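Now for the letters of each chain:
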Amino acid sequence: MTPGIAADDASHPRRRELLLLAGVLAANAGLNFWNLGANGWANAFYTAAVQSGLHNGEALLFGSSDWGNSISVDKPPLSLWLMGLSVRVLGFNSWGILVPQALLGVATTALIYWVVRRRARPAAALASAFTYATTPVVVLLSRYNNPDPLLIFLTVLALEATLRGLELRSVRQFAIAGLLLGLGFLTKQFQVLLVVPALAIACLSSLGSGRLWMMRSALAATAAFVAVAGGWLAFVDLTPAAMRPYAGGSASNSLTELTLGYNGLNRITSTDDLVSGLIPPQFAGSGGDDSGWLRLFNANFNQEASWLLALAFLCGVTAAWSLRGTRAGGVSLVALTWLVTAYILLSFMGHDIHTYYTMNLAPPLSLAIGLGAEALLASSSSVGRRNTIALGLGLSALVAWLTLGSLDTEGTSQTLGSTALVLGLMGALLTAVPPPKTWINRIAAGATITGLTIGPLATDLATVSRPQTGSSPLSGQVTISRNSMSQFMRGLEAGNPRWASDLALGALPPPSLTAQLGMDRRSCKWAAATFPAQSAANWQLALNAPVMPLGGFSAIDPSPTVERFKELARNGEVCDLIDYPEMNPILSNQPEISSIVAWVRTNYRDRIVDGITIYDLSSPL
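Computed from a prediction, not measured in an experiment: that's the story for all the values here. (Residues numbered from 1 in each chain as written. Predicted model: local features only at pLDDT ≥ 70, side-chain atom pairs only at ≥ 80, totals over all residues. Heavy atoms only, no water.)

**Regarding the side chain of Asn-253**
Relative to the helices and strands, Asn-253 resides in the loop between α11 (211-238) and α12 (255-268). Asn-253 sits in the buried class, given a relative accessible area of 17%. There is a polar contact of 2.8 Å between the side chain of Asn-253 and the backbone nitrogen of Ala-247. Once you skip the residues sitting within four places of it in the chain, Asn-253 turns out to touch Asp-237, Ala-241, Arg-244, Pro-245, Tyr-246 and Ala-247. (Helix = DSSP H or I, 4+ residues; strand = E, 2+ residues; numbered from the N terminus. Buried < 20%, exposed > 50% of the residue type's maximum accessible area, 1.4 Å probe, protein only. Polar contact = N/O pair within 3.5 Å; in protein donor to acceptor, adjacent residues only side chain to side chain. Contact = heavy atoms within 4.5 Å.)

**Brief notes about the nonpolar core**
Trp-338, Leu-361 and Leu-367 are the most contacted members of the largest nonpolar core, which totals 121 residues. Take this core: its biggest share by element is 11 residues, from helix α8 (residues 148-168). Ignoring any residue separated from it by four or fewer positions in sequence, one finds Leu-361 in contact with Leu-296, Ala-305, Leu-309, Leu-339, Ala-342, Tyr-343 and Leu-346. Listed in part, the 48 residues of the second largest apolar core include Leu-492, Leu-517, Ile-593 and Trp-599. (Core = buried A, V, L, I, M, F, W, Y, C linked by side-chain atoms within 4.5 Å.)

**Things to note about the side chain of Ser-559**
Inspection of the secondary structure assignment puts Ser-559 in the loop between β2 (547-549) and α26 (562-570). Residues within four places of Ser-559 in sequence aside, it is in contact with Ser-70, Ile-71, Tyr-246, Pro-549, Leu-550, Gly-551 and Ile-593.

**Structural notes on the sheet that holds strand β3 (residues 574-579)**
Within the open sheet, the 5 strands sit side by side as β2-β1-β3-β5-β4. Their pairing is mixed. In this open sheet, the two strands that pair with only one neighbour each are β2 and β4 (604-609). Taking each pair of neighbouring strands and ignoring which way they run, the sheet shows an average axis angle of 30°. Sheet topology note: the strand β1 (residues 526-530)/β3 ladder contains 3 bridges and is parallel. Following the sheet pairing, Ala-528 is matched in β3 by Asp-576. This element, helix α25 (residues 533-543), spans β1, β2, β3 and β5 (612-620) of the sheet and lies at about 170° to β2. (Pairing = 2+ DSSP bridges. Axes fitted to C-alpha atoms, helices over the stretch in contact; angles between N-to-C directions.)

**Here we look at the pattern of salt bridges**
When the charged atoms of two side chains with opposite charge come close together, those side chains can pair. Enumeration according to the criterion identifies 14 salt bridges in this entry. One salt bridge in this structure joins Lys-75 and Asp-74, with 3.4 Å as the shortest N-O distance. Asp-74 matches Lys-75 in its accessibility class, with the two residues each being buried. Two residues, Lys-188 and Asp-148, come together in a salt bridge whose shortest N-O distance is 2.8 Å. (Salt bridge = Lys/Arg side-chain N within 4 Å of Asp/Glu carboxyl O.)

**Topic: the environment of Val-574**
Mapped onto the secondary structure, Val-574 falls in strand β3. Distance from Val-574 to Gly-451, taken between C-alpha atoms, is 58 Å for residues 123 residues apart in sequence. Each residue touching Val-574, except ones within four places of it in the same chain, is listed here: Cys-524, Trp-526, Ala-528, Ala-529, Met-548, Phe-565, Leu-568 and Leu-617.

**Comments concerning unusual backbone geometry**
Across the junction of Asn-496 and Pro-497, the peptide omega takes the value -5°, indicating a cis bond. Of note, Pro-497 is situated in the loop between α22 (485-493) and α23 (498-504). Although it is not a glycine, Ala-42 sits at a positive phi angle of roughly 55°. Along the chain, Ala-42 falls in the loop between α1 (15-33) and α2 (44-55). Take Ala-42: its relative accessible area is 4%, and that puts it in the buried class. Positive phi values are uncommon outside glycine, yet Arg-169 reaches one of about 50°. The topology assignment puts Arg-169 in the loop between α8 and α9 (171-188). Given the relative accessible area of 41%, Arg-169 is considered partly exposed.

**What about the pairing of β3?**
Within β3, 6 of the 6 residues are buried, which leaves it mostly tucked inside the rest of the structure. With 4 bridges connecting them, β3 and β5 associate as antiparallel partners. Paired with Ile-578 across the strands is Ile-614, a residue of β5.

**Let's talk about empty space enclosed by the protein**
Within the structure shown, the criterion is met by 7 cavities of 30 Å³ or more. Volume-wise, the largest cavity comes out at about 110 Å³. Lining the largest cavity are 14 residues, with Phe-62, Ser-72, Val-236, Ala-247 and Leu-255 sitting closest to its centre. Elements with a minimum of two residues in the lining of the largest cavity: α11 and α12. Residue composition of the lining of the largest cavity, by class: 10 nonpolar, 2 polar and 2 charged. (1 Å grid on protein atoms, 1.4 Å probe; cavity = no way out; pocket = protein on both sides within 12 Å on 5 of 7 lines; lining within 4 Å. Points joined across faces, edges and corners; volume = space filled by probe spheres on them. Nonpolar A, V, L, I, M, F, W, Y, C, P; charged D, E, K, R; others polar.)

**What to know about the environment of Lys-75**
With respect to the helices and strands, the residue Lys-75 is situated in the loop between α3 (57-62) and α4 (78-90). Overall, the relative accessible area of 10% leaves Lys-75 in the buried class. For Lys-75 and Leu-186, which are 111 residues apart along the polypeptide, the C-alpha to C-alpha distance reads 7.9 Å. In this structure, Lys-75 is in contact with Tyr-46, Thr-187, Lys-188, Asn-263 and Arg-267, ignoring residues within four places of it in sequence.

**Things to note about α26**
In an α-helix, one turn spans 3.6 residues; hence positions three or four apart end up facing the same way. Inspection of α26 places Val-562, Phe-565, Lys-566, Leu-568 and Ala-569 among the buried residues, and these make up the whole buried set. Seen end-on, α26 carries its buried residues on one side only, within an arc spanning 165°. Projecting away from the buried face of α26 at angles above 90 degrees are the exposed residues Glu-563 and Arg-570. Structurally, α26 contributes buried residues whose contacts are with β1, β2, β3, α28 (591-603), β4 and β5. Backbone geometry just downstream of α26 places Gly-572 in the positive-phi region, at approximately 75°. (Arc of directions from axis to C-beta.)

**Quick look at the state of the cysteines**
Taken as a whole, this structure holds 1 disulfide when the rule is applied. Across the disulfide from Cys-524 sits Cys-575; the S-S distance is 1.6 Å. Its S-S torsion of approximately 75° makes the covalent link between Cys-524 and Cys-575 right-handed. Remark: Cys-575 occurs in strand β3 and Cys-524 occurs in the loop between α24 (511-520) and β1; sequence separation between them is 51 residues. Cys-524 sits in the buried class, given a relative accessible area of 13%. What makes Cys-575 buried here is its relative accessible area of 9%. (Disulfide = S-S within 2.5 Å.)

Everything listed here is a matter of geometry and, on its own, says nothing about what the molecule does.
As structure tokens, this is what we get:
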């Protein structure tokens, strides 16, 4: 047997297995790449930062929103560096921005297959890979330029390194795991630590193999993580403020404060903040009002990654218990612990939650389902295993029926939901009762796979068939619930309410005006300043000139100060202020930015072009 590869009766994966794996990866690539260019700049907030890195080395290093280096994005820059490399090869265009994420999605699918295949049967590994590849939120973000695809890839790599470290008693593998988690921190900060409780449980379950060795391994992993993550924090915060952009998302120009606050505890607690406070409370997915054990099954979240959650939990419990003591036992325990950790955090975290955060469920969910299949294959006559997994199949079929029936599709989804329910319950029944003939198992498997994939695949096709832009992409279709985020986002796409549309999607600059400003404002360090950051990003991409995002992402950061902006305007470093009066609800809660706008409105001449108010900062009253 090839070292590290679990096999049933062959020394190498069978040709059929390789063909099936190739089919899964090809389908995965098809979902990720088909119609990819329709997403345009996708999340313009990050695309503008990539553009800035093309023009300026300091902007590339720190992840600046603009290449005047006024403020950085609110995440570390590793994913921006990857996209920066891509656009240097493929050009600064939609494909150059999005190809890295699409490739990372396929690579993570292959990696999940590998993690399971080293320790279980081919069917289990293929089930895990297929589940991950077709999970709607995975498809959504594998076609988007948010940092999540890179974060998940690094996290699963760290998981594999930890498992290898335990199996080989290798301190080096633990150090590699710590290094990978550190790189994950440079992608999306503390979100990478969601997997750590699961890795810790796996290590604690192996203490009998040597406490001293385990302590050395844990110290090596911790040291590697701290060296990477702590090194970046120290580098940014010890760089004089005058020599770097403001740390976007922080209140005190500190990356450490950003890590612990805005991207740390503030994401978990239920403390109100300005942005969530402005979103109507009935749209609970952004307001946190829907927190609770069933949050992930409501109309805001259920299309993203909840189709197979019930099955995954029961598969995870079955695998963790029945496979203990085998090569698959360790990864089964990790999958279950990781799934429970992510589920609880996402169910109860506070106001600053986006539906796409459910991507953190996808790796443990897919691992648990594959390992549940391994447990069933290892003892197909076990009534307990069969009944537990059959219960999961039935519950997931019910979830699919309810979810598909809640969509605004004039009967099509109801038909699909009924089909999914019938096939899923048929598969559950045939799984629960040991059949008298083996061919009945194949019927059960076929019915189950068909029934349980109808919902995710229909959602995937809906996702890839329409453009995705802005800061809050959503999988699937609009629901019939008037209090769902999909209904809210439909309103935003129509510009209603205008302030929320500008905040989430960004105002689009008129072509006639961008052509004029692009010609006239090349002499300034910043062609213009505006707010919020999505609008500033759209202007910068259109002008191909730096545009200062006043107040950062949500226009609430104290950057720049009013005195600093006055100095820049008087020195001719900012040519124009592009004003959006509909954003006054945001400005009323941010003294610095509201003072800047009030000063400009009072002291400079304005003109209106195509409905846009422009203040020429070279023409005081």
